[in-house]
Structure formats: structure tokens, C-alpha cells
Amino acid sequence: MTKNVQFCTPHESLVTAAKIMRDVDCGSVPVCDSNRVIGMITDRDIVIKCIATGNNVNEVHCHDVMTHDVVTCSPDTDVHECARLMAQHQIRRIPVVNEKGELMGICAIGDLAQENIYINEAGEALSDISEPDNYRH
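Quantities reported herein were computed from a predicted structural model and do not represent experimental measurements.

Parameters at a glance
- Residues numbered from 1 in each chain as written.
- Predicted model: local features only at pLDDT ≥ 70, side-chain atom pairs only at ≥ 80, totals over all residues.
- Heavy atoms only, no water.
- Helix = DSSP H or I, 4+ residues; strand = E, 2+ residues; numbered from the N terminus.
- Buried < 20%, exposed > 50% of the residue type's maximum accessible area, 1.4 Å probe, protein only.

Student: Could you clarify how one ought to interpret unusual backbone geometry in this entry?
Tutor: Most of the time, phi is negative for any residue but glycine, and the peptide bond is trans. Its identity is not glycine, yet Asp25 carries a phi of approximately 60 degrees, on the positive side. Summarising the element assignment, Asp25 is placed in the loop between helix H1 (14-24) and strand E1 (28-33). Asp25 sits in the exposed class, given a relative accessible area of 70%. Although it is not a glycine, Gln90 adopts a positive phi angle of roughly 55 degrees. Its place among the elements puts Gln90 in the loop between helix H4 (79-89) and strand E3 (93-97).

Structural data, given as C-alpha cells:
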């Protein structure tokens, strides 16, 4: 898991979220209210839900386009379970939260691949993440 995660707040503009993505070199950022994860915003959310509809990114807030149903795990979640969650929900990053829902870190597909022990699971998860829904069993 990566600690010291950058996040944005619900009322910040999409520009703020995009700058975090640029600075951290990632495609998604947790949205937190008082350090509690309430959503995730992706680069795709910004493009599809704001830019493609002709809205001004300076006037649209993170809460307007974020995903509300966030898949999370706890610091005690087994790495195998984390890979399974990524594959099942077709996501590449999972916020790690404590029992109060407060952000503790992020587990990314790359974190799984860094250890040779889990490289096969990371590859399998990535394969499932990349598979279109209509091809799923």
C-alpha cells in the first residue's frame, strides 16, 4: 500500500483533482470529507462527465462527477483479496480505510506487481480489469 495519499475534497474544482493526478502520475484520486473517503474521481470522469458535455472544469466540483460507491479495503485485507476485488470491480486502485472510513493509503495494481510473489495475481487482475463487461462470465 502507498501511504501519504493525495486526495481532494468534494467542493474542490476538477482542476484541483487533475493537478493531483498530474503531480502524482495517476488516473484516480480519492475524494475525502474530514479524511473520510466518500468518493473516487478518475481522469475518465473528468473527461466524460465534464469536458465532453461542454462544462467548464473550473466551475464543476469533484462531488459533481465522482463515483460514490467506492470499493475499499482495510489495512488487514489480504493481498489475494485485494487482487480479487480489483478484478471483480475492474479497478486499478483501492483506498485503504480504517474502521471509521478514514483514508490510510491506496493499494494499486502496481503495488501487487512489485513483489514477485504476487506478480501472477497482479497480471490476472489486470487482465480481468481490462476485459469488457460483455465478455465476462
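Student: Where do I start with the environment of Ser34 in this structure?
Tutor: The topology assignment puts Ser34 in the loop between E1 and strand E2 (36-42). Owing to a relative accessible area of 68%, Ser34 belongs among the exposed residues under this scheme. Sequence spacing of Ser34 and Glu102 is 68 residues, and the spatial spacing of their C-alpha atoms is 8.1 Å.

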